[in-house]
Amino acid sequence: MPRSDPPPRPIPEPTPPPTSAPLTEPRQDPPPGPRPDALPEPPAEALPRTVRLLLLARVVNQLGAFSMPFLTAVVFADHQVSLTTAGLVSAAFGLATIPSRLAGGVLADRIGRRTTIVLGLCGCAVAQLGVAAGRSLAWTAAAAVLLGLAFELYEPPSQAIIGESVPERQRVRAFSLFSAALAAGGMGAGLLAALLGHWDLRWLFVADAASCLACALLIRLALPHDRPAPRADDRGATAVRPLRDRALLTVLATGTAYTLVNQQTVMTLPLALTRKGLPAADAGLLFTATAATTVLAQPLVRLAWTNRLTTPAALALAHLLLAAGLTGYALSGSLPPMIASAAVWSLGDLLIMGRVYALVTDLAPPGASGRYLAVFGTSWGVAATLAPVLGTQLLARAGTTALWSAMAGLCVLLAALHLRVTPRVAGPAPA
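Since we're looking at a predicted model, the values are computed, not measured.

K.L.:
Sorry, what's going on with the overall build of the protein here?
P.N.:
A tally of helices and strands in the protein yields 16 helices and 0 strands. For the protein, buried positions account for 52% of its 431 residues. Look at the contacts in the protein between residues 6 or more apart in sequence, and 85% of them connect residues 24 or more apart. A total accessible area of about 20400 Å² is found for the protein, and carbon and sulfur atoms account for 65% of it.

K.L.:
Looking at this structure, how should I read the environment of Leu-223?
P.N.:
You can see Leu-223 is positioned in the loop between helix 9 (202–222) and helix 10 (246–275). Leu-223 gets classed as buried once you look at its relative accessible area, which sits at 5%. Linking Leu-223 and Arg-49, residues 174 residues apart in sequence, is a C-alpha distance of 8.9 Å. Leu-223 has contacts with Thr-50, Leu-53, Leu-54, Arg-114, Ile-161 and Leu-218, leaving out every residue within four places of it along the chain.

K.L.:
How should the packing of helix 10 against helix 16 (residues 400–421) be read in this particular structure?
P.N.:
Each pair of packed helices can be summarised by the angle the axes make with each other and by the distance between the axes. Viewed as axis vectors pointing N to C, helix 10 and helix 16 meet at an angle of 165°, and their least axial separation amounts to 10 Å. What the angle tells us is that helix 10 and helix 16 run roughly antiparallel. For the pair helix 10 and helix 16, the sense of crossing is left-handed. Residues Thr-250, Thr-254, Ala-257, Tyr-258, Val-261, Gln-264, Thr-265, Thr-268, Leu-269, Ala-272 and Arg-275 of helix 10 pack against Thr-400, Leu-403, Trp-404, Met-407, Leu-410, Cys-411, Leu-414, His-418 and Val-421 of helix 16. Class assignment of the residues belonging to the contact of helix 10 with helix 16 gives a composition of 12 nonpolar, 7 polar and 1 charged.

K.L.:
I'm lost on helix 7 (residues 155–165) in this one. Help?
P.N.:
Side chains three or four residues apart in an α-helix point the same way, a direct result of the helix having 3.6 residues per turn. With 9 of its 11 residues buried, helix 7 lies for the most part within the structure. Those residues of helix 7 that fall on the buried side of the exposure criterion are Glu-155, Pro-156, Pro-157, Ser-158, Gln-159, Ala-160, Ile-161, Ile-162 and Gly-163.

K.L.:
How do you make sense of the packing of helix 15 (residues 369–397) against helix 16 when you look at a structure like this?
P.N.:
Two numbers describe how helix 15 lies on helix 16: the axes approach to 7 Å, and their chain directions differ by 135°. When the axis of helix 15 is compared with that of helix 16, the two are oblique. Note that helix 15 runs across helix 16; the crossing there is right-handed. Every residue of helix 16 that contacts helix 15 at Leu-390, Gly-391, Leu-394 and Leu-395 is listed here: Thr-400, Leu-403 and Met-407.

K.L.:
I tried to follow the packing of aromatic side chains on my own but got confused; where do I start?
P.N.:
Aromatic ring pairs are described here by two measures, namely the spacing of the ring centres and the angle between the planes. Evaluated as defined, the whole model comprises 5 aromatic pairs. Geometrically, the ring pair formed by Tyr-357 and Phe-376 is edge-to-face, given 5.5 Å between the ring centres and 90° between the ring planes. Taken as a pair, Tyr-357 in helix 14 (residues 335–363) and Phe-376 in helix 15 lie far apart in primary sequence, 19 residues in all. Both residues of the pair, Tyr-357 and Phe-376, belong to the buried class. Site record: aromatic cluster; members linked through ring pairs are Phe-175, Tyr-357 and Phe-376.

K.L.:
I'm lost on the pattern of salt bridges in this one. Help?
P.N.:
Side chains bearing opposite charge may pair, as long as their charged atoms lie close to each other. By the definition in use, this model includes 2 salt bridges. Here Glu-152 and Arg-101 are joined by a salt bridge, their closest N and O atoms 2.7 Å apart. Within this pair, whereas Glu-152 is found in the loop between helix 6 (137–151) and helix 7, its partner Arg-101 is found in helix 4 (residues 83–110), the two being separated by 51 residues in sequence. Each member of the pair, Glu-152 together with Arg-101, is buried. The shortest N-O distance in the salt bridge between Arg-171 and Asp-362 comes to 2.2 Å. Here Arg-171 is found in helix 8 (residues 171–199), whereas its partner Asp-362 is found in helix 14, with 191 residues between them in sequence. Under the relative-accessibility criterion, Asp-362 is labelled partly exposed at 22%.

K.L.:
I'm lost on the environment of Met-267 in this one. Help?
P.N.:
Examined against the element boundaries, Met-267 turns out to sit in helix 10. Taking the C-alpha atoms as reference, Met-267 lies 8.4 Å from Gly-391; in sequence the two are 124 residues apart. Non-local contacts of Met-267, meaning those with residues more than four positions away in its chain, are made with Pro-69, Thr-72, Ser-90, Phe-93, Ala-384 and Pro-388.

K.L.:
In this structure, what is going on with the environment of Pro-336? I would like to understand it.
P.N.:
Within the secondary structure layout, Pro-336 lies in helix 14. In this structure, the C-alpha to C-alpha distance between Pro-336 and Leu-286, residues 50 residues apart in sequence, is 9.5 Å.

K.L.:
Sorry if this is basic, but what is going on with empty space enclosed by the protein here?
P.N.:
A water-sized probe rolled over the atoms picks out the places where empty space is left. Taken as a whole and judged by the stated rule, the model has 6 cavities of 30 Å³ or more. There is about 1000 Å³ of room inside the largest cavity. Lining the largest cavity are 41 residues; nearest its centre among them are Gln-62, Leu-182, Asn-262, Gln-263 and Trp-380. Residue contributions to the lining of the largest cavity peak at 6 residues, all from helix 8. Per-class residue counts for the lining of the largest cavity are 22 nonpolar, 13 polar and 6 charged.

K.L.:
Even after reading the chapter, I still don't get the nonpolar core, so can you show me in this structure?
P.N.:
Soluble, globular proteins show a tendency: their nonpolar side chains are buried together. Formed by 102 residues in total, the largest nonpolar core has its most connected members in Leu-269 and Tyr-329. The element best represented in this core is helix 14, accounting for 14 residues. Ignoring anything within four residues of it in the chain, the contact list for Tyr-329 reads Leu-269, Lys-276, Leu-286, Met-338, Ser-341, Ala-342, Trp-345 and Trp-404.

The rules behind the values
- Residues numbered from 1 in each chain as written.
- Predicted model: local features only at pLDDT ≥ 70, side-chain atom pairs only at ≥ 80, totals over all residues.
- Heavy atoms only, no water.
- Helix = DSSP H or I, 4+ residues; strand = E, 2+ residues; numbered from the N terminus.
- Buried < 20%, exposed > 50% of the residue type's maximum accessible area, 1.4 Å probe, protein only.
- Contact = heavy atoms within 4.5 Å.
- Areas by Shrake-Rupley, 256 points an atom, 1.4 Å probe, with all protein chains shown as cover.
- Axes fitted to C-alpha atoms, helices over the stretch in contact; angles between N-to-C directions.
- Parallel < 35°, antiparallel > 145°, perpendicular 65-115°, else oblique.
- Left-handed = near helix turned anticlockwise from the far one by under 90°.
- Nonpolar A, V, L, I, M, F, W, Y, C, P; charged D, E, K, R; others polar.
- Phe/Tyr/Trp six-rings, centres within 6.5 Å; stacked < 30°, edge-to-face > 60°.
- Salt bridge = Lys/Arg side-chain N within 4 Å of Asp/Glu carboxyl O.
- 1 Å grid on protein atoms, 1.4 Å probe; cavity = no way out; pocket = protein on both sides within 12 Å on 5 of 7 lines; lining within 4 Å.
- Points joined across faces, edges and corners; volume = space filled by probe spheres on them.
- Core = buried A, V, L, I, M, F, W, Y, C linked by side-chain atoms within 4.5 Å.

This is a description of form; function is not addressed.
Structure follows, in structure tokens:
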């Protein structure tokens, strides 16, 4: 059968050359709201009720928590001893905090977190009253050691509650808010220290004891009951060995150097002020300035550019801010520039506290954050032991300028070390 040709097809009219209008004509405007391909702003998730109650309780506790910076000054002034002897008493307190921190992690697992927190706070109150009532050097030294043994019991369970109660993306924010809560109480504490310190430094220890008891009562009434502790022979219980984790040991080493600097700004500051001809009680005003900065600068933690920083970069920047503020301490001769310097180094402290505890929590295996945080927390005990001895020796032999300059130089060194050795985990969620 012969194939017939198809009918001729009409020739289409030529399409006019495209213009800018037809290019945009087919495009439809996106619906109102955020673009689907854009990263949304992180929601302001509410913290769990347990964490919020814990933060409130620690604010109450912090209202009287500026007695410890004055321990060396009390021993030095009331017992008429040398700076070296006064520093050794404070060092004995610091040494006692090391087993206290480790015991806090163990007790939190065995008798419960709420019980451990209450036990530690009540022990601190008894010891604080002992320091206030001490009329001999031996009595005061014994009370200082007892205080050290109770001082860190409540930290591992408190930090573990925070680290395990919030999702990983919120840990940096949660620990930063924990630091801010302590600072909020610290603002009132600094003013109280400035007020009571001009009267009698011993009253600072009485106020601290009262705040510890109030916090213990709030924790006992508000926090949920402790859950039964898992059996020691549960699967994986014996596999957790924090001291064999090289990443944790690296963070512990740099963290100990940081806490050594931090404790100089706390425990040695009152004596350094007297060397400049300023009242030791003015340290309370500097503590208030640092606390206010920590609270008011909280929005920095949620800025896009700070969220994009890796943990090593954020810690390096933080230590450079510390170095700048401590250099200001070294060069200042009066209170106003010292207050400005305190605000600068407080910004660095704010960046460190949120990042480093989130880092340690992320390094820990599931269910082991309490033990990891307890091991890392021994850095504070080591620093509290060394800081009074190192600080008093530097003050006695080289003066305040050398003390703060040395601490600033150490911070610059730490900034460089963080870029090389700090693990790159535990970054916050992108903003």
